[in-house]
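# Structural overview
Listed below, chain by chain, are the residues.
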Amino acid sequence: MRTYTSIAPLQSALRSCRQQDQRIAFVPTMGNLHEGHLQLVRRARQLADVVIVSIFVNPLQFGPSEDLDAYPRTLAADKEKLFSEGVQYLFVPEVGEMYPEGMALQTQVQVPDLSETLCGSSRPGHFTGVTTVVSKLFNIVQPDVAVFGEKDFQQLSIIRKMVQDLCMPIHIEGVATARDTDGLAKSSRNGYLSPEQRQLAPLIHDTLVGCRDAIACGFDNFLQLESHARMQLLQAGFEPDYFAIRDARTLRAVNENTEEVAILAAARLGSTRLIDNVRLNLNPVSDWGMLASP
């Protein structure tokens, strides 16, 4: 595995791969890698000849009161994991390499509408930071395919829209959420949880599944489902940010054209912000009776 910290040498190496007609898959990360990240790498290996992973804790996507300085950085352990998975290239740039003129002067990429709801409402500017750095990484690496986890479903939707709108010749591959045996979605931030909080944390997934099962059984009052779920999390000790039932394609309200429902939640447990989602496929004609919310 070759490690690069600068853009030009990395691009030179990848240019050689393209000259050999090798297909390139890219997995962008912020490091502190866990099994969920490694599943992305394994999928990337299935889709391409060459796999490149980036590790970059992007300051542009962190708000002033968020955990940028505390975000775990475990580069040595990350390298061992990636080497064991057969990754050929690792890109680990410094902030100055990605933003040589500083973040204030950096051209930004913004996806409207999709970026302004759910996590976008409570974390203003977050998704602009994400799409800016991902767009920049895509231009650096120029992959054939990029692999992302479905746990960050809104992020995945935004990146797909960005790639479509900007005519980027990149296939975006989503990979199912990796979970612990008790259902908790794997996340680098799970390490912030105390032992007591870790025991409680799977309730967020249980609540999502319960809501999905209710919809599948025909319960058609979405506002009531959302309200009940928020109250369930609140009473258990969470601070819910949102619990929302949306069209999985648009992240807008469910309507008669909805083919797949996404049920998404974000909540704080202590100082740790957890996000998760589940989805449900629907027949938009025969199942419309259960989709109509008052």
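Here, the structure is the one placed above.
Residues numbered from 1 in each chain as written. Predicted model: local features only at pLDDT ≥ 70, side-chain atom pairs only at ≥ 80, totals over all residues. Heavy atoms only, no water.

Our next topic: the overall build of the protein. The number of helices and strands found in the protein is 11 helices and nine strands. A compact globule built from 294 residues would reach a C-alpha radius of gyration of about 19 Å, and the protein, at 20 Å, matches this within 12%. Here the C-alpha coordinates of the protein stretch approximately 55 × 45 × 40 Å along the principal axes. When burial is assessed residue by residue, the protein has 51% of its 294 residues classed as buried. (Helix = DSSP H or I, 4+ residues; strand = E, 2+ residues; numbered from the N terminus. Rg over C-alpha atoms; globule rule 2.2 N^0.38 Å. Buried < 20%, exposed > 50% of the residue type's maximum accessible area, 1.4 Å probe, protein only.)

Here we come to the pairing of strand S3 (residues 50-55). Counting buried residues along S3, six of its six residues qualify, which places the element largely inside the surrounding structure. Burial along S3 is two-sided: the residues Val50, Ile52 and Ser54 and Val51, Val53 and Ile55 are all buried. In the sheet, strand S2 (residues 24-29) pairs with S3 via six bridges, with the strands oriented parallel. What sits directly across from Val27, in S3, is Val53. In the classification by handedness, the crossover that spans S2, the intervening helix H2 (residues 35-47) and the parallel S3 is right-handed. As judged from the three bridges shared by S3 and strand S4 (residues 89-91), these two strands associate in the parallel manner. Pairing of Ser54 across the sheet is with Phe91, part of S4. (Pairing = 2+ DSSP bridges. Right-handed = clockwise from strand over helix to strand, strands pointing away.)

Tallied over the entire structure, the rule returns 14 salt bridges. A salt bridge links Asp165 to Lys161, with the shortest nitrogen-to-oxygen separation between them at 2.6 Å. Here Lys161 and Asp165 lie together in helix H7 (residues 153-165), a separation of four residues that amounts to about one turn. Looking at Asp165, the relative accessible area reads 42%, which means it is partly exposed. Beyond isolated ion pairs, a larger network of salt bridges with shared partners links Asp180, Asp182, Lys186 and Arg198. (Salt bridge = Lys/Arg side-chain N within 4 Å of Asp/Glu carboxyl O.)

A separate point is the pairing of strand S6 (residues 171-175). The buried fraction of S6 is high, at four of five residues. Both strand S5 (residues 145-149) and S6 contribute to a ladder of five bridges, which runs parallel. Across the sheet, the residue bridging to Gly149 is Val175, located in S6.

This brings us to the environment of Asp276. Structurally, the position occupied by Asp276 is in strand S9 (residues 272-281). Along the sequence, Asp276 and Thr250 sit 26 residues apart, while their C-alpha atoms lie 17 Å from each other. Excluding anything up to four places from it in sequence, Asp276 contacts Arg179, Gly183, Ala185, His205, Leu208, Ile263, Leu264 and Ala265. A distance of 2.8 Å separates a polar atom in the side chain of Asp276 from a polar atom in the side chain of Arg179. (Contact = heavy atoms within 4.5 Å. Polar contact = N/O pair within 3.5 Å; in protein donor to acceptor, adjacent residues only side chain to side chain.)

Further remarks concern the packing of helix H9 (residues 203-216) against helix H10 (residues 222-236). Contact pair H9 / H10: the axes reach a minimum separation of 10 Å and the direction vectors enclose 160°. By the angle between their directions, the pair H9 and H10 is classed as roughly antiparallel. The element H9 and its partner H10 pack so that their crossing is right-handed. Counted together, Leu203, Ile204, Thr207, Cys211, Ala214 and Ile215 of H9 and Phe222, Leu225, Ala229, Gln232, Leu233 and Ala236 of H10 form the full contact between these two elements. (Axes fitted to C-alpha atoms, helices over the stretch in contact; angles between N-to-C directions. Parallel < 35°, antiparallel > 145°, perpendicular 65-115°, else oblique. Left-handed = near helix turned anticlockwise from the far one by under 90°.)

Looking at where Lys81 falls in the secondary structure, it is placed in helix H3 (residues 75-84). With relative accessibility at 32%, the residue Lys81 sits in the partly exposed group. Taking the C-alpha atoms as reference, Lys81 lies 46 Å from Asn221; in sequence the two are 140 residues apart. Excluding its chain neighbours within four sequence positions, the residues that come into contact with Lys81 are Leu33 and Leu38. In this structure the side chain of Lys81 is engaged in a polar contact, spanning 2.6 Å, whose partner is the backbone oxygen of Leu33.

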